[in-house]
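So you can see what is in the structure, the chains are spelled out below.
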Amino acid sequence: MIALSSPDGLAPRPTGTAAVPARPVGMAEFARSNGLDLLRFAYLLCGDRHRAEDLLQDVFLAMHRRFGGSLPLDNPVAYARRALANANVSRSRRAASRELPLADVPDSADLGADPGDRDELWPALRRLPPRQRTVLVLRYYTDATDEEIAAALGCRRATVRSLVFRGLAALRTDPTVHPGGVR
């Protein structure tokens, strides 16, 4: 398990907070310095703290297997974000990802205690298909361009625009986001 602490839990923060190292860094140093930002990113992708922790742990393990103790990458944060996005989409395609909770029990130690989590948008975002949610998170959380998102997901720019359009349309018509109808 990855031990990360923050006074505000996993509340989303503006992007640009993770510094891009100018020299190759060690895997342990990278995990310590960027782990919380990557965990926030993973949470926004999947909408579940425990799943986000699992995704991040899997990505760190894969990076360690591939590169060993040092990361000879120009931008390891971008690499990790792309790996998280791909891992989230892959995990959602597995049969085990079809699990649904039987009851929604709030836990004060969980993300439900975060005031931003009570907003109607978060549950609606979690109900989107994984690729639509991933594209919206990349676009609006990391301010990625269509080209960057397409490169991260391995698809065309037109596919990115289509996924954004469909995701935003689903959010606009979601009755929990707009109780009075479409806005």
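Residues numbered from 1 in each chain as written. Predicted model: local features only at pLDDT ≥ 70, side-chain atom pairs only at ≥ 80, totals over all residues. Heavy atoms only, no water.

A separate point is the confidence of the model for the protein chain. The predicted structure's coordinates, where accompanied by low pLDDT, should not be read in detail. Looking at the protein chain as a whole, its pLDDT mean stands at 77, while 69% of the residues score no less than 70. In the predicted structure, residues 1-21 sits below a pLDDT of 50 and forms 46 contacts with residues beyond four places in sequence or in another chain. Taken as a whole, residues 108-118 scores under 50 in pLDDT and shows 19 contacts with residues more than four places along the chain or in a different chain. (pLDDT = per-residue confidence, 0-100. Contact = heavy atoms within 4.5 Å.)

Further remarks concern the packing of aromatic side chains. Here the structure, examined in full by the defined rule, presents three aromatic pairs. Seen from their ring centres, F30 and F60 are 6.1 Å apart, and the 75° between their planes marks the pair as edge-to-face. Here the residue F30 occupies a position in helix α1 (residues 27-46), and F60 occupies one in helix α2 (residues 49-67), the gap between them amounting to 30 residues. (Phe/Tyr/Trp six-rings, centres within 6.5 Å; stacked < 30°, edge-to-face > 60°. Helix = DSSP H or I, 4+ residues; strand = E, 2+ residues; numbered from the N terminus.)

So, about empty space enclosed by the protein. A complete count under the given rule lists two cavities of 30 Å³ or more for this structure. Space inside the second largest cavity adds up to approximately 40 Å³. Lining the second largest cavity are Y43, L44, G47, W122, L125, R126 and R133. Per-element tally for the lining of the second largest cavity: the top contributor is helix α4 (residues 121-127), with three residues. Here the lining of the second largest cavity is composed, by residue class, of four nonpolar, one polar and two charged. (1 Å grid on protein atoms, 1.4 Å probe; cavity = no way out; pocket = protein on both sides within 12 Å on 5 of 7 lines; lining within 4 Å. Points joined across faces, edges and corners; volume = space filled by probe spheres on them. Nonpolar A, V, L, I, M, F, W, Y, C, P; charged D, E, K, R; others polar.)

Attention shifts here to the pattern of salt bridges. Evaluation of the coordinates by the stated rule reveals five salt bridges. Between R40 and D37 there is a salt bridge whose closest N-O contact spans 3.3 Å. Placement of the pair is R40 and D37 together in helix α1, with a separation of three residues, close to one helical turn. Here the two residues R40 and D37 agree in accessibility, since each one is buried. A salt bridge links R127 to D174; the shortest N-O distance between them is 2.8 Å. One end of the pair, R127, is in helix α4; the other, D174, is in the segment after α7 (157-173), and 47 residues separate them in sequence. (Salt bridge = Lys/Arg side-chain N within 4 Å of Asp/Glu carboxyl O. Buried < 20%, exposed > 50% of the residue type's maximum accessible area, 1.4 Å probe, protein only.)

Among the nonpolar cores identified, the biggest contains 42 residues, and F30, L38, M63 and L84 are the most heavily contacted of them. For this core, the elements supplying multiple residues, two or more each, are α1, α2, α3 (76-93), α4, α5 (130-140), α6 (146-153) and α7. Among the elements that make up this core, the one with the highest residue count is α1 (ten residues). If sequence neighbours within four positions are ignored, L38 has contacts with F30, L56, F60, V77, A80, R81 and L84. (Core = buried A, V, L, I, M, F, W, Y, C linked by side-chain atoms within 4.5 Å.)

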